[in-house]
Amino acid sequence: MKIGILTFHRAHNYGAMLQAYALQKTLERYGHQVEFIGYRQECIEKAYNLFRPNLYKNKTIISCIKIFIANILTFRRRYLRHRAFNHFRIKYLQESIPYSKQQLISSTLNYDAVIFGSDQIWTTRFLGCFDDILWGDIRLTRGEKIAYAPSMELRELTIEQQKYIASHLKNFNAISVREITLQHLLGSLTKEKVPVVLDPTLLCPIKEYDAIINNTRGLNKRGKYILIYQIAQHDIVYEIAEYVSKLLKLPIIEISSSVRLHSKSNVYETLGPAHFVSMVQHATFVITSSFHGTAFAINSNIPFYSVLIQGIDSRLRSLLTLLNLNDRGITGLKDIDLSQIISIDYHKVNKALQSERKKSLSFLIDSLSK
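Residues numbered from 1 in each chain as written. Predicted model: local features only at pLDDT ≥ 70, side-chain atom pairs only at ≥ 80, totals over all residues. Heavy atoms only, no water.

The next point concerns the pattern of salt bridges. This structure, assessed with the given rule, holds 16 salt bridges. Between Glu 45 and Arg 10 there is a salt bridge, and its shortest N-O distance comes to 2.8 Å. Here Glu 45, found in helix α2 (residues 42-47), pairs with Arg 10, found in the loop between β1 (2-6) and α1 (14-29); they are 35 residues apart in sequence, far enough to count as distant. Classification of Glu 45 by relative accessible area gives partly exposed; the value is 22%. Salt bridges here are not isolated pairs; linked through shared partners, they connect Arg 10, Arg 40, Glu 45, Arg 89 and Glu 95. (Salt bridge = Lys/Arg side-chain N within 4 Å of Asp/Glu carboxyl O. Helix = DSSP H or I, 4+ residues; strand = E, 2+ residues; numbered from the N terminus. Buried < 20%, exposed > 50% of the residue type's maximum accessible area, 1.4 Å probe, protein only.)

Those residues of helix α6 (residues 180-187) lying buried are Leu 182, Gln 183, Leu 185 and Leu 186. Seen end-on, α6 carries its buried residues on one side only, within an arc spanning 165°. Each element contacted by the buried residues of α6 is listed here: α5 (159-168). (Arc of directions from axis to C-beta. Contact = heavy atoms within 4.5 Å.)

This brings us to the sheet that holds strand β9 (residues 226-229). Pairing in this open sheet of six strands is parallel, and the strands run β11-β10-β9-β12-β13-β14 from one edge to the other. If you trace the sheet from one side to the other, it starts and ends with β11 (267-268) and β14 (329-330), each paired once. Pairing analysis gives four bridges linking β9 to strand β10 (residues 252-255), with the strands arranged parallel. Bridging from a neighbouring strand, Tyr 229 pairs with Ile 255 of β10. (Pairing = 2+ DSSP bridges.)

Attention now goes to the packing of helix α9 (residues 273-281) against helix α10 (residues 291-299). Contact geometry of α9 with α10 gives a least axis separation of 9 Å together with a crossing angle of 55°. Considered as vectors, α9 and α10 are oriented oblique to each other. The handedness of the crossing between α9 and α10 comes out as right-handed. Packed against α9, whose contacting residues are Phe 276, Val 277 and Val 280, the element α10 presents Gly 293, Phe 296 and Ala 297 at the interface. By residue class, the composition of the contact of α9 with α10 is five nonpolar, one polar and no charged. (Axes fitted to C-alpha atoms, helices over the stretch in contact; angles between N-to-C directions. Parallel < 35°, antiparallel > 145°, perpendicular 65-115°, else oblique. Left-handed = near helix turned anticlockwise from the far one by under 90°. Nonpolar A, V, L, I, M, F, W, Y, C, P; charged D, E, K, R; others polar.)

The sheet built from six strands is open, its strands ordered β3-β2-β1-β5-β7-β8 with parallel pairing. The open sheet has two edge strands, β3 (95-99) and β8 (174-175), and neither has a second partner. Judged from the four bridges that link them, β1 and strand β5 (residues 113-116) form a sheet pairing that is parallel. When the sheet's bridge partners are listed, Ile 3 is paired in β5 with Ala 113. Lying on the sheet, α1 is in contact with β1, β2 (33-39) and β5; it crosses β2 at an angle near 150°. Against the sheet, helix α12 (residues 346-369) engages β1, β5, β7 (144-147) and β8, with an angle of about 165° to β7.

Excluding glycine, residues mostly have negative phi values, and the peptide bonds linking residues are mostly trans. The peptide bond linking Gly 117 to Ser 118 adopts the cis configuration, its omega dihedral lying at 5°. Along the chain, Ser 118 falls in the loop between β5 and β6 (139-140). A positive phi angle, near 55°, is found at Ala 149, a position not held by glycine. As for its position among the elements, Ala 149 is in the loop between β7 and α5. Its relative accessible area of 0% is what places Ala 149 among the buried residues.

Our next topic: α5. If you check which residues of α5 are buried, you get Gln 161, Tyr 164, Ile 165 and His 168. Axial view of α5: buried residues confined to an arc of 95°, hence all on one face. Projecting away from the buried face of α5 at angles above 90 degrees are the exposed residues Ile 159 and Lys 163. Buried residues along α5 sit in contact with α6.

Let us now look at the pairing of β1. Counting buried positions over the five residues of β1 gives four, a clear majority of the element. Two strands pair when backbone bridges link them, and β1 and β2 are joined in this way by four bridges, in the parallel orientation. Along β2, the bridge assignment pairs Lys 2 with Gln 33. With α1 bridging β1 and its parallel neighbour β2, the resulting β-α-β unit is right-handed. (Right-handed = clockwise from strand over helix to strand, strands pointing away.)

What follows is about the environment of Leu 203. Inspection of the secondary structure puts Leu 203 in the loop between α6 and α7 (210-214). Note on Leu 203: relative accessible area 0%, which makes it buried. In this structure the C-alpha to C-alpha distance between Leu 203 and Leu 361, which are 158 residues apart in sequence, comes to 7.5 Å. Setting aside residues no more than four positions away along its own chain, Leu 203 makes contact with Thr 26, Arg 29, Tyr 148, Leu 198, Arg 357, Ser 360, Leu 361 and Leu 364.

Turning our attention to the packing of α10 against helix α11 (residues 314-322). The N-to-C vectors of α10 and α11 enclose an angle of 20°; their axes lie 9 Å apart at closest approach. Considering their axes alone, α10 and α11 lie roughly parallel with respect to each other. Considering the relative orientation of α10 and α11, their crossing is right-handed. In this structure, α10 contributes Phe 291, Thr 294, Ala 295 and Ile 298 to the contact, and α11 contributes Arg 315, Leu 316, Leu 319 and Leu 320. Tallied by class, residues from the contact of α10 with α11 come to six nonpolar, one polar and one charged.

Spelled out as C-alpha coordinates, the structure:
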(Lines give C-alpha, C1' and ligand atoms only; values in the text may rest on other atoms or scores of the structure.)
Protein backbone atom coordinates (compact mmCIF):
# COMPACT_ATOMS: atom_id res chain seq x y z
CA MET A 1 0.00 0.00 0.00
CA LYS A 2 1.02 3.60 -0.54
CA ILE A 3 0.63 5.38 2.79
CA GLY A 4 0.92 9.08 3.59
CA ILE A 5 1.58 10.38 7.10
CA LEU A 6 0.52 13.76 8.46
CA THR A 7 2.40 14.75 11.60
CA PHE A 8 4.99 17.24 12.92
CA HIS A 9 7.91 15.53 11.16
CA ARG A 10 9.55 18.90 10.34
CA ALA A 11 9.72 20.15 13.94
CA HIS A 12 13.23 20.35 15.41
CA ASN A 13 12.17 18.35 18.40
CA TYR A 14 13.59 14.94 19.32
CA GLY A 15 10.24 13.35 20.07
CA ALA A 16 8.58 14.72 16.94
CA MET A 17 11.19 13.42 14.52
CA LEU A 18 11.77 10.11 16.28
CA GLN A 19 8.06 9.23 16.49
CA ALA A 20 7.84 10.01 12.76
CA TYR A 21 10.86 7.80 12.02
CA ALA A 22 9.48 4.95 14.15
CA LEU A 23 6.04 4.99 12.49
CA GLN A 24 7.63 5.00 9.05
CA LYS A 25 9.90 2.06 9.95
CA THR A 26 7.00 0.12 11.45
CA LEU A 27 4.88 0.50 8.32
CA GLU A 28 7.81 -0.34 6.04
CA ARG A 29 8.38 -3.49 8.08
CA TYR A 30 4.98 -4.68 6.81
CA GLY A 31 5.91 -3.95 3.21
CA HIS A 32 4.18 -0.59 2.73
CA GLN A 33 5.47 2.34 0.70
CA VAL A 34 5.51 5.30 3.08
CA GLU A 35 6.04 9.04 2.78
CA PHE A 36 5.34 12.08 4.92
CA ILE A 37 2.95 14.53 3.35
CA GLY A 38 5.02 17.72 3.07
CA TYR A 39 2.60 19.98 4.92
CA ARG A 40 4.28 23.33 5.59
CA GLN A 41 2.65 24.72 8.72
CA GLU A 42 3.68 28.34 8.90
CA CYS A 43 3.98 28.35 12.71
CA ILE A 44 6.23 25.26 12.68
CA GLU A 45 8.43 26.57 9.87
CA LYS A 46 8.90 29.97 11.55
CA ALA A 47 9.60 28.47 14.98
CA TYR A 48 12.69 26.64 13.71
CA ASN A 49 14.07 29.20 11.26
CA LEU A 50 17.61 30.36 11.94
CA PHE A 51 16.45 33.94 11.34
CA ARG A 52 13.21 34.92 13.06
CA PRO A 53 12.16 38.53 12.36
CA ASN A 54 9.00 38.00 14.42
CA LEU A 55 11.13 38.05 17.60
CA TYR A 56 11.57 41.78 17.11
CA LYS A 57 7.88 42.50 16.63
CA ASN A 58 6.37 45.01 19.12
CA LYS A 59 9.66 45.22 21.05
CA THR A 60 11.41 48.35 22.31
CA ILE A 61 14.68 49.44 20.70
CA ILE A 62 16.63 48.25 23.76
CA SER A 63 14.92 44.85 23.63
CA CYS A 64 15.63 44.54 19.89
CA ILE A 65 19.32 45.27 20.48
CA LYS A 66 19.48 42.62 23.23
CA ILE A 67 17.77 40.04 20.98
CA PHE A 68 20.13 40.88 18.11
CA ILE A 69 23.22 40.45 20.30
CA ALA A 70 21.87 37.18 21.72
CA ASN A 71 21.26 35.89 18.18
CA ILE A 72 24.82 36.74 17.18
CA LEU A 73 26.31 35.05 20.25
CA THR A 74 24.26 31.87 19.77
CA PHE A 75 24.32 31.70 15.98
CA ARG A 76 26.98 29.01 15.62
CA ARG A 77 25.28 26.65 18.08
CA ARG A 78 21.84 27.34 16.57
CA TYR A 79 23.25 26.60 13.12
CA LEU A 80 24.77 23.29 14.25
CA ARG A 81 21.50 22.22 15.87
CA HIS A 82 19.49 23.29 12.81
CA ARG A 83 21.84 21.33 10.55
CA ALA A 84 21.67 18.20 12.73
CA PHE A 85 17.87 18.04 12.62
CA ASN A 86 17.66 18.82 8.91
CA HIS A 87 20.28 16.15 8.18
CA PHE A 88 18.24 13.55 10.08
CA ARG A 89 14.99 14.52 8.35
CA ILE A 90 16.50 14.47 4.86
CA LYS A 91 18.38 11.21 5.45
CA TYR A 92 15.66 9.18 7.18
CA LEU A 93 12.20 10.68 6.57
CA GLN A 94 10.79 10.23 3.07
CA GLU A 95 8.77 13.34 2.17
CA SER A 96 6.33 14.24 -0.60
CA ILE A 97 6.31 17.50 -2.52
CA PRO A 98 5.62 20.50 -0.25
CA TYR A 99 2.04 21.66 0.35
CA SER A 100 0.70 24.83 1.90
CA LYS A 101 -2.58 24.57 3.81
CA GLN A 102 -4.52 25.97 0.85
CA GLN A 103 -2.84 23.57 -1.57
CA LEU A 104 -3.74 20.59 0.60
CA ILE A 105 -7.36 21.74 0.93
CA SER A 106 -7.69 22.09 -2.84
CA SER A 107 -5.81 18.87 -3.74
CA THR A 108 -7.00 15.28 -4.03
CA LEU A 109 -4.28 13.03 -2.65
CA ASN A 110 -3.39 9.69 -4.18
CA TYR A 111 -2.82 7.35 -1.21
CA ASP A 112 -4.29 4.03 -0.18
CA ALA A 113 -4.37 5.40 3.38
CA VAL A 114 -3.34 8.51 5.27
CA ILE A 115 -2.29 8.19 8.90
CA PHE A 116 -2.76 11.25 11.10
CA GLY A 117 -0.33 11.24 14.01
CA SER A 118 1.28 10.61 16.28
CA ASP A 119 2.34 13.64 18.38
CA GLN A 120 0.24 16.57 19.58
CA ILE A 121 -1.42 17.16 16.22
CA TRP A 122 -4.81 17.80 17.85
CA THR A 123 -3.61 20.45 20.28
CA THR A 124 -4.53 24.13 20.09
CA ARG A 125 -1.25 25.19 21.71
CA PHE A 126 0.66 26.04 18.54
CA LEU A 127 -2.03 27.76 16.47
CA GLY A 128 -4.41 28.90 19.19
CA CYS A 129 -7.05 26.77 17.43
CA PHE A 130 -7.45 23.34 15.84
CA ASP A 131 -5.80 22.71 12.46
CA ASP A 132 -8.46 21.46 10.02
CA ILE A 133 -5.90 19.55 7.95
CA LEU A 134 -4.77 17.50 10.95
CA TRP A 135 -8.41 16.80 11.79
CA GLY A 136 -8.93 15.08 8.45
CA ASP A 137 -10.15 17.87 6.16
CA ILE A 138 -8.34 16.53 3.09
CA ARG A 139 -9.57 14.65 0.03
CA LEU A 140 -8.33 11.24 -1.10
CA THR A 141 -8.89 9.52 -4.43
CA ARG A 142 -9.46 6.34 -2.42
CA GLY A 143 -8.46 4.75 0.84
CA GLU A 144 -8.76 5.27 4.58
CA LYS A 145 -8.07 8.07 7.02
CA ILE A 146 -6.61 6.66 10.23
CA ALA A 147 -5.84 8.57 13.44
CA TYR A 148 -2.92 6.79 15.09
CA ALA A 149 -2.02 7.95 18.63
CA PRO A 150 -2.70 11.67 18.25
CA SER A 151 -2.36 13.73 21.41
CA MET A 152 -4.18 16.87 22.51
CA GLU A 153 -3.05 17.74 26.06
CA LEU A 154 -6.39 19.40 26.83
CA ARG A 155 -8.14 18.32 30.01
CA GLU A 156 -11.41 20.12 29.33
CA LEU A 157 -13.25 21.16 26.18
CA THR A 158 -15.43 24.18 25.52
CA ILE A 159 -18.85 23.65 23.91
CA GLU A 160 -17.45 24.93 20.60
CA GLN A 161 -14.48 22.55 20.81
CA GLN A 162 -16.80 19.64 21.55
CA LYS A 163 -18.88 20.48 18.47
CA TYR A 164 -15.77 20.81 16.31
CA ILE A 165 -14.31 17.49 17.48
CA ALA A 166 -17.59 15.56 17.20
CA SER A 167 -17.97 16.81 13.64
CA HIS A 168 -14.37 16.13 12.58
CA LEU A 169 -14.12 12.66 14.10
CA LYS A 170 -16.47 11.62 11.30
CA ASN A 171 -13.60 12.25 8.86
CA PHE A 172 -11.78 9.15 10.11
CA ASN A 173 -12.31 5.50 9.32
CA ALA A 174 -10.42 4.43 12.43
CA ILE A 175 -9.44 6.38 15.56
CA SER A 176 -6.98 5.71 18.36
CA VAL A 177 -5.34 8.05 20.88
CA ARG A 178 -2.12 8.17 22.89
CA GLU A 179 -3.40 8.92 26.38
CA ILE A 180 -6.20 7.89 28.70
CA THR A 181 -7.39 11.47 29.33
CA LEU A 182 -8.04 12.01 25.63
CA GLN A 183 -9.79 8.63 25.44
CA HIS A 184 -12.19 9.84 28.14
CA LEU A 185 -12.70 13.21 26.44
CA LEU A 186 -13.58 11.58 23.13
CA GLY A 187 -15.68 8.91 24.82
CA SER A 188 -18.49 11.37 25.41
CA LEU A 189 -18.39 12.54 21.78
CA THR A 190 -18.45 9.22 19.95
CA LYS A 191 -20.50 6.07 20.47
CA GLU A 192 -17.49 3.84 19.81
CA LYS A 193 -14.77 3.17 22.37
CA VAL A 194 -11.53 4.79 21.29
CA PRO A 195 -8.49 2.58 22.01
CA VAL A 196 -5.31 3.87 23.65
CA VAL A 197 -2.25 2.83 21.66
CA LEU A 198 1.49 3.24 22.08
CA ASP A 199 3.46 6.18 20.81
CA PRO A 200 5.24 5.04 17.61
CA THR A 201 8.67 5.24 19.29
CA LEU A 202 7.57 2.29 21.45
CA LEU A 203 6.35 0.24 18.49
CA CYS A 204 10.00 -0.31 17.58
CA PRO A 205 12.13 -2.46 19.90
CA ILE A 206 15.23 -0.49 20.86
CA LYS A 207 17.45 -2.57 18.55
CA GLU A 208 15.62 -1.09 15.57
CA TYR A 209 17.29 2.25 16.34
CA ASP A 210 20.75 0.72 15.90
CA ALA A 211 20.80 1.71 12.23
CA ILE A 212 20.59 5.43 12.98
CA ILE A 213 22.93 5.24 15.98
CA ASN A 214 25.60 3.37 14.01
CA ASN A 215 25.52 6.16 11.42
CA THR A 216 26.24 8.92 13.94
CA ARG A 217 29.58 10.63 13.90
CA GLY A 218 31.50 12.24 16.72
CA LEU A 219 29.89 12.02 20.13
CA ASN A 220 28.67 8.66 21.34
CA LYS A 221 28.84 9.21 25.08
CA ARG A 222 30.29 6.40 27.17
CA GLY A 223 30.89 6.10 30.89
CA LYS A 224 28.49 6.46 33.79
CA TYR A 225 26.32 9.57 34.01
CA ILE A 226 22.88 10.86 34.95
CA LEU A 227 21.04 12.30 31.98
CA ILE A 228 18.57 15.18 32.20
CA TYR A 229 16.15 15.96 29.39
CA GLN A 230 13.19 18.32 29.46
CA ILE A 231 11.44 20.64 27.01
CA ALA A 232 10.99 23.68 29.25
CA GLN A 233 13.40 24.19 32.15
CA HIS A 234 11.93 23.32 35.56
CA ASP A 235 13.92 23.90 38.76
CA ILE A 236 12.48 20.79 40.40
CA VAL A 237 14.07 18.60 37.70
CA TYR A 238 17.52 20.00 38.50
CA GLU A 239 16.86 19.65 42.22
CA ILE A 240 15.99 15.96 41.83
CA ALA A 241 18.97 15.39 39.51
CA GLU A 242 21.39 16.92 42.04
CA TYR A 243 19.93 14.70 44.78
CA VAL A 244 20.24 11.52 42.70
CA SER A 245 23.71 12.57 41.57
CA LYS A 246 24.92 12.74 45.17
CA LEU A 247 23.32 9.39 46.00
CA LEU A 248 24.81 7.58 43.02
CA LYS A 249 28.03 9.62 42.95
CA LEU A 250 27.68 10.27 39.22
CA PRO A 251 28.07 13.42 37.07
CA ILE A 252 25.08 15.09 35.43
CA ILE A 253 24.79 15.57 31.67
CA GLU A 254 21.91 17.43 30.07
CA ILE A 255 20.47 17.35 26.57
CA SER A 256 18.88 20.73 25.94
CA SER A 257 15.75 21.15 23.85
CA SER A 258 17.04 24.51 22.55
CA VAL A 259 20.12 26.71 22.38
CA ARG A 260 20.60 28.92 25.42
CA LEU A 261 22.42 32.22 25.71
CA HIS A 262 25.03 30.88 28.13
CA SER A 263 26.47 27.48 27.22
CA LYS A 264 27.75 24.96 29.79
CA SER A 265 30.25 22.15 29.31
CA ASN A 266 27.81 19.47 30.55
CA VAL A 267 24.86 20.69 28.45
CA TYR A 268 24.55 19.40 24.89
CA GLU A 269 22.56 21.77 22.67
CA THR A 270 23.45 20.75 19.11
CA LEU A 271 22.76 17.00 19.04
CA GLY A 272 20.52 15.48 16.39
CA PRO A 273 17.84 12.84 17.05
CA ALA A 274 20.17 9.86 16.57
CA HIS A 275 22.60 11.14 19.20
CA PHE A 276 19.66 11.72 21.54
CA VAL A 277 18.77 8.01 21.37
CA SER A 278 22.40 7.03 21.90
CA MET A 279 22.78 9.31 24.95
CA VAL A 280 19.68 7.81 26.58
CA GLN A 281 20.82 4.25 25.84
CA HIS A 282 24.20 4.81 27.47
CA ALA A 283 22.94 6.69 30.54
CA THR A 284 23.11 5.14 33.99
CA PHE A 285 20.00 7.01 35.10
CA VAL A 286 17.54 9.33 33.31
CA ILE A 287 15.64 12.20 34.90
CA THR A 288 13.11 13.81 32.60
CA SER A 289 9.83 15.70 32.47
CA SER A 290 9.45 14.75 28.81
CA PHE A 291 7.18 12.06 27.40
CA HIS A 292 9.75 10.91 24.86
CA GLY A 293 12.58 11.11 27.37
CA THR A 294 10.56 8.66 29.45
CA ALA A 295 9.63 6.50 26.45
CA PHE A 296 13.25 6.03 25.37
CA ALA A 297 14.43 5.36 28.94
CA ILE A 298 11.79 2.60 29.21
CA ASN A 299 12.55 1.17 25.78
CA SER A 300 16.28 1.16 26.64
CA ASN A 301 15.63 -0.43 30.07
CA ILE A 302 17.37 2.46 31.88
CA PRO A 303 16.40 3.38 35.49
CA PHE A 304 14.57 6.71 35.45
CA TYR A 305 12.35 9.21 37.15
CA SER A 306 9.64 11.08 35.27
CA VAL A 307 9.08 14.44 36.93
CA LEU A 308 5.35 15.21 36.73
CA ILE A 309 4.73 18.91 36.06
CA GLN A 310 1.14 19.93 36.69
CA GLY A 311 -0.72 20.81 33.51
CA ILE A 312 1.62 18.97 31.14
CA ASP A 313 1.75 15.55 32.78
CA SER A 314 -1.26 13.77 31.25
CA ARG A 315 0.75 11.93 28.57
CA LEU A 316 3.36 10.83 31.09
CA ARG A 317 0.82 9.62 33.63
CA SER A 318 -0.99 7.64 30.93
CA LEU A 319 2.20 5.91 29.78
CA LEU A 320 3.35 5.09 33.32
CA THR A 321 -0.09 3.70 34.20
CA LEU A 322 -0.16 1.60 31.03
CA LEU A 323 3.14 -0.09 31.95
CA ASN A 324 2.60 -0.30 35.74
CA LEU A 325 5.36 2.22 36.41
CA ASN A 326 3.43 4.77 38.46
CA ASP A 327 6.12 4.73 41.17
CA ARG A 328 8.58 6.22 38.65
CA GLY A 329 6.44 9.34 38.27
CA ILE A 330 7.39 11.84 40.99
CA THR A 331 6.61 15.46 41.79
CA GLY A 332 9.45 16.13 44.23
CA LEU A 333 12.15 14.72 46.51
CA LYS A 334 9.53 13.43 48.95
CA ASP A 335 8.41 10.83 46.38
CA ILE A 336 11.83 9.21 46.04
CA ASP A 337 12.10 5.75 47.58
CA LEU A 338 15.78 5.30 48.42
CA SER A 339 15.48 1.52 48.55
CA GLN A 340 14.07 1.35 45.03
CA ILE A 341 15.93 4.16 43.29
CA ILE A 342 17.55 1.98 40.61
CA SER A 343 15.33 -1.07 41.03
CA ILE A 344 12.97 -1.44 38.09
CA ASP A 345 11.79 -4.93 37.20
CA TYR A 346 12.26 -4.54 33.47
CA HIS A 347 11.32 -8.18 32.90
CA LYS A 348 7.75 -7.29 33.92
CA VAL A 349 7.87 -3.93 32.16
CA ASN A 350 9.05 -5.47 28.89
CA LYS A 351 6.32 -8.08 29.12
CA ALA A 352 3.68 -5.35 29.56
CA LEU A 353 5.27 -3.29 26.79
CA GLN A 354 5.25 -6.25 24.43
CA SER A 355 1.56 -6.84 25.18
CA GLU A 356 0.71 -3.19 24.48
CA ARG A 357 2.88 -3.22 21.38
CA LYS A 358 0.94 -6.20 20.07
CA LYS A 359 -2.40 -4.43 20.67
CA SER A 360 -1.18 -1.24 18.99
CA LEU A 361 0.17 -3.07 15.95
CA SER A 362 -3.12 -4.98 15.68
CA PHE A 363 -5.02 -1.70 15.57
CA LEU A 364 -2.72 -0.36 12.87
CA ILE A 365 -2.77 -3.53 10.75
CA ASP A 366 -6.53 -4.06 11.11
CA SER A 367 -7.24 -0.42 10.21
CA LEU A 368 -5.11 -0.67 7.09
CA SER A 369 -6.53 -4.04 6.05
CA LYS A 370 -10.02 -2.54 5.78
